[in-house]
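Chain residues, written in single-letter form:
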Amino acid sequence: MKKVYINSVCAITPQKTFDNTQFLEELIEYDANVINVVNPVYKDFIPPAAARRMAKGIKMGVVASKLALKESGLENVDAIITGTGMGCVRDSEKFVSAIIDNDEQFLTPTAFIQSTHNTVGGQIALELGCKGYNFTYVHSGISFESALLDAKMQLELDEAKAILVGGVDELGDHTVAIHKLVNHIKSENINSNALLESKTQGCVFGEGAGFFVLKNEKQESSYAEVVALNTYNTLDEESVNEEAIRFLEENNIEASSIDAIILGNNGDVNFDGYYNKLTSKTFKDIQQIYYKHISGEFNTASSFGLWLGARIIKSQILPEAVKLNITETSKFKTILLYNQYRGKNHSFTILKQC
Amino acid sequence: MSKGVAITGMGIISAIGNNVAENYQSLIDGKKGITRVEKIDTIHKDVIMVGEIDITNEAFEKKLGLAKDNNYSRTAFLGAVAAKQAIADAGITNINKYKTGLISATSVGGMDRTETHYYNYLTEAEPRKYIDGHHAGDSSQKIAEQLGIEKSLVTTISTACSSAANAIMFGARLIKSGQLDRVVVGGTDCMSKFTINGFKTLMILSDTYNTPFDENRKGLNLGEAAAFLVLESDAVVKAENKTVLAYVKGYANANDAHHQTASSDHGDGATLAMEKALKVAGLEPKDIDYINAHGTATGNNDLSEGRAIIRVFGDNVPDFSSTKAYTGHTLAAAGGIEAVYSVLALQNNIIYPNLNFKTQMKEFNITPQLTLKEKHLDVIMSNSFGFGGNCSTVIFSKEA
């Protein structure tokens, strides 16, 4: 079996993360319960006429994939695999409301077409002229991990040499409004630095895109090796720690050799307990890292977690802003990632220096 | 030559039957499930025809024994019913005895509830339970729960009308690579105003019965359905002494990279998908005994697919037909429905007629199979194509 390497990364998030010459040195602090991305200049990458028609999710996906491709030094890839929890949700909202408001009359197809979940993957294929394998996974908090797993399997078996993998989700007004009503979004504004102390229900919604070129050959620009990945539809809080250990054992890795753990804490008092189970037991004394206080929560936010892990391993720099505890750790060779959303759809990923 | 992945169970619910036996009976009787719209209140009801399932949501609730406060979408109801049938058909009593996953496919997800309660959510508390049921993964989570799948790989694919074919493909690869011992694969989509109006704006809905591969075809009929297959590793088949219904022999996905919603004139993506699937199966075009075509009866699809078939098979195009005239186009479920039909065709050595065909298309001289045909079948190819240039081919075989 071949090894799988992350050879390039690009993240568009509510921080200025799309420029890889910087690494979270300058942060935007939010006092909010919904935060939007810092937009790259889309017209530098997409002709303005085309960009005007494109949903934000498509623009984020297309630009993030172009930047990732550029960094990898490739012109094209063998496959494009995308994860998205909600797809281009604004177009879904636009089409549903138009159906209701106009009693099914005077509708135009653009919003319907863009509401299709695989629109982003399809548009990237169009932009790149890529006729290869093109899948879109749409499973809440593991949408991105499903895409990553698919890519990893193909690369390990050498069915493909280079794959573009990404996660993307955009915010929509109606979606935000109704998720506030069911307390999936915090009712109060919260400062980025105080997210985990909030002790209230719900999280801060964000949006973003994270794209990566994965290959089964190492190159100069390689960030890290994706060693293993597992997803779970269910997992109870009491067995998370045990499952983490089992997962590491399966991959012949000692818990003590983990240099850092990247966690998906989103400040929801009802569900952060899963992470606390890890940080109070096996991973108590190792470097703990979190990121949703600066990116917000979205179904594919864990793509930003992967971006963070890959960049830490390559640069051996741990930005202050993402430290969850204070340790003396200075070498980052093996990083474990764990994420879940609302107690469902859990994932463990192991990254290793290459 | 690569070895096929065993199919050991299947379940289905569609406009032509509530289980596998009923679907097969309708197929051989030439009985269509296409009618005027009955279950959805749409202003288009007199100008379109659809393939609806004649069971209400309330009846599904009862059938599944769900509490009154459940938040199932119709997509989840259909999926749960079909997936449970598949598990029973495979003779599985202890689902977690082997590492079992679920790969489902949907495009509509919980949109039926969303479009009903969209503005009510803002003012009424009661319907808000459906907010969490909107996203596409929710129906899969519920199906997994119904099957008792825990702590395992459960995910959802949404690539428009090729979704379920892609779920079968991913599932087969998970078995081959040893990630899972057993996987339930397929798709589910219910009827919704969203899709009715979406396809209406694209002007590809027929005002009468859809007529695949006919010169005067006027577009598709939407359908609702769910279908699932159980795939098991050779080790499980051996240990449990399982009867194998058929094998997933080959598969491929390719992208047309031509247009967001239209297929290229010459079917580049479709050609690639069929060729790659043959390669994965280690087969030649001459080995295919029957093609269950995508054949949606839109002007664009049937021309593009027909040309792609000719590009792959040359002068020796095998018998082919589309079963969309029976069920309507069931979107993300279509690849699952047609997988079940392909397995049934292999089991019974039967080719289904391409109903409603009258006039030969002028762009080429291939004609679909028009009558029920008995013929020894070893290998069947099934095509599914979707928006976003998504083209998928799955090959089913009698022998591994």
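Thresholds applied
Residues numbered from 1 in each chain as written. Chains lettered and ligands numbered in written order. Predicted model: local features only at pLDDT ≥ 70, side-chain atom pairs only at ≥ 80, totals over all residues. Heavy atoms only, no water. Domains from an automatic or database assignment. Contact = heavy atoms within 4.5 Å. Buried area = accessible area lost by both parts, 1.4 Å probe. Salt bridge = Lys/Arg side-chain N within 4 Å of Asp/Glu carboxyl O. Helix = DSSP H or I, 4+ residues; strand = E, 2+ residues; numbered from the N terminus. Buried < 20%, exposed > 50% of the residue type's maximum accessible area, 1.4 Å probe, protein only. Polar contact = N/O pair within 3.5 Å; in protein donor to acceptor, adjacent residues only side chain to side chain. Axes fitted to C-alpha atoms, helices over the stretch in contact; angles between N-to-C directions. Parallel < 35°, antiparallel > 145°, perpendicular 65-115°, else oblique. Left-handed = near helix turned anticlockwise from the far one by under 90°. Nonpolar A, V, L, I, M, F, W, Y, C, P; charged D, E, K, R; others polar. Core = buried A, V, L, I, M, F, W, Y, C linked by side-chain atoms within 4.5 Å.

1. Observations regarding the domain arrangement of chain A
All names here are of chain A.
Part 1 of the reasoning: Along its sequence, chain A is organised into domain 1 (5–215) and domain 2 (227–352).
Part 2 of the reasoning: The C-alpha centroid of domain 2 is placed 21 Å from the C-alpha centroid of domain 1.
Part 3 of the reasoning: Facing the 52 residues of domain 1 at the interface are 44 residues of domain 2.
Part 4 of the reasoning: Carbon and sulfur atoms supply 66% of the area buried between domain 1 and domain 2, which totals about 3800 Å² over both sides.
Part 5 of the reasoning: Inspection of the domain 1/domain 2 interface yields 0 salt bridges.
Part 6 of the reasoning: Every element with two or more residues in the side of domain 1 that touches domain 2 is listed here: β1 (5–12), α6 (143–156), β5 (162–169) and β7 (208–215).

2. Some thoughts on the pattern of salt bridges
Part 1 of the reasoning: All told, the structure shown has 33 salt bridges over all chains when counted by the stated rule.
Part 2 of the reasoning: Of the charged contacts in the structure, one is a salt bridge between Glu 159 of chain A and Arg 173 of chain B, with a shortest N-O distance of 3.7 Å. In this pair, Glu 159 of chain A is assigned in the loop between α6 and β5 and Arg 173 of chain B in helix α7 (residues 163–176), connecting two distinct chains.
Part 3 of the reasoning: A relative accessible area of 46% means that Glu 159 of chain A is categorised as partly exposed.
Part 4 of the reasoning: Lys 362 of chain B is the partner of Glu 215 of chain B in a salt bridge, and the nearest nitrogen-oxygen pair spans 3.3 Å. Highlighted residues: Glu 215 of chain B in the loop between α8 (193–201) and β6 (222–223) and Lys 362 of chain B in the loop between β11 (350–351) and β12 (373–374), separated in sequence by 147 residues.
Part 5 of the reasoning: Accessibility expressed as a relative area gives 23% for Glu 215 of chain B, which makes it partly exposed.

3. Notes on the side chain of Ser 139 of chain B
Part 1 of the reasoning: Along the chain, Ser 139 of chain B falls in helix α6 (residues 136–147).
Part 2 of the reasoning: Every residue in contact with Ser 139 of chain B, bar those within four places of it in the chain, is listed here: Thr 75, Ala 76, Thr 106 and Thr 188 of chain B.

4. Observations concerning the interface of chain B and chain A
Part 1 of the reasoning: At the interface, 63 residues of chain B touch 64 residues of chain A.
Part 2 of the reasoning: Roughly 5300 Å² is buried in total at the junction of chain B and chain A, and carbon and sulfur atoms are behind 62% of that figure.
Part 3 of the reasoning: Summed over the shared surface of chain B and chain A, the result is 3 salt bridges.
Part 4 of the reasoning: The residue Arg 173 of chain B makes a salt bridge to Asp 150 of chain A at a minimum N-O spacing of 2.7 Å.
Part 5 of the reasoning: Along the contact surface separating chain B from chain A lie 27 residue pairs in polar contact (both at pLDDT 80 or more).
Part 6 of the reasoning: Contributions of two or more residues to the side of chain B that touches chain A are made by α4 (111–117), α5 (120–123), α6, β4 (154–157), α7, α8, β8 (246–255) and α10 (268–281) of chain B.

5. With respect to the environment of Gln 141 of chain B
Part 1 of the reasoning: Within the fold, Gln 141 of chain B resides in helix α6.
Part 2 of the reasoning: In sequence terms Gln 141 of chain B and Leu 102 of chain B are 39 residues apart; their C-alpha atoms lie 9.0 Å from each other.
Part 3 of the reasoning: Each residue touching Gln 141 of chain B, except ones within four places of it in the same chain, is listed here: His 139, Asn 233, Lys 344 and Asn 345 of chain A together with Val 154 of chain B.
Part 4 of the reasoning: Within the local environment of Gln 141 of chain B, its side chain forms a polar contact with the side chain of His 139 of chain A, the two groups lying 2.7 Å apart.

6. Re the packing of α10 of chain B against helix α11 (residues 299–313) of chain B
Residues and elements named next belong to chain B.
Part 1 of the reasoning: Contact geometry for α10 and α11: axes closest at 8 Å, N-to-C directions at 40°. As judged from the angle between their axes, α10 and α11 are oblique. For the pair α10 and α11, the crossing hand works out as right-handed. Here Asp 268, Ala 270, Thr 271, Met 274, Glu 275 and Leu 278 of α10 lie close against α11, whose contacting residues are Ala 308, Ile 309, Arg 311, Val 312 and Phe 313.
Part 2 of the reasoning: Each residue belonging to the contact of α10 with α11 can be placed in one class, and the counts come to 7 nonpolar, 1 polar and 3 charged.

7. Points about the nonpolar core
Part 1 of the reasoning: Within the largest apolar cluster, 97 residues are counted, with the highest numbers of intra-cluster contacts made by Ile 6 of chain A together with Leu 229, Leu 231, Val 248, Tyr 352 and Phe 396 of chain B.
Part 2 of the reasoning: Broken down by element, this core gets its largest block of residues, 9 residues, from α7 of chain B.
Part 3 of the reasoning: Contact partners of Ile 6 of chain A, with chain neighbours within four places excluded, come to Phe 212, Val 213, Leu 214, Ser 222, Tyr 223, Ala 224, Val 226, Leu 306, Ala 310 and Leu 351 of chain A.
Part 4 of the reasoning: Counting residues in hydrophobic clusters, the runner-up holds 55 residues, among them Val 96 of chain A together with Leu 78, Cys 161 and Phe 387 of chain B.

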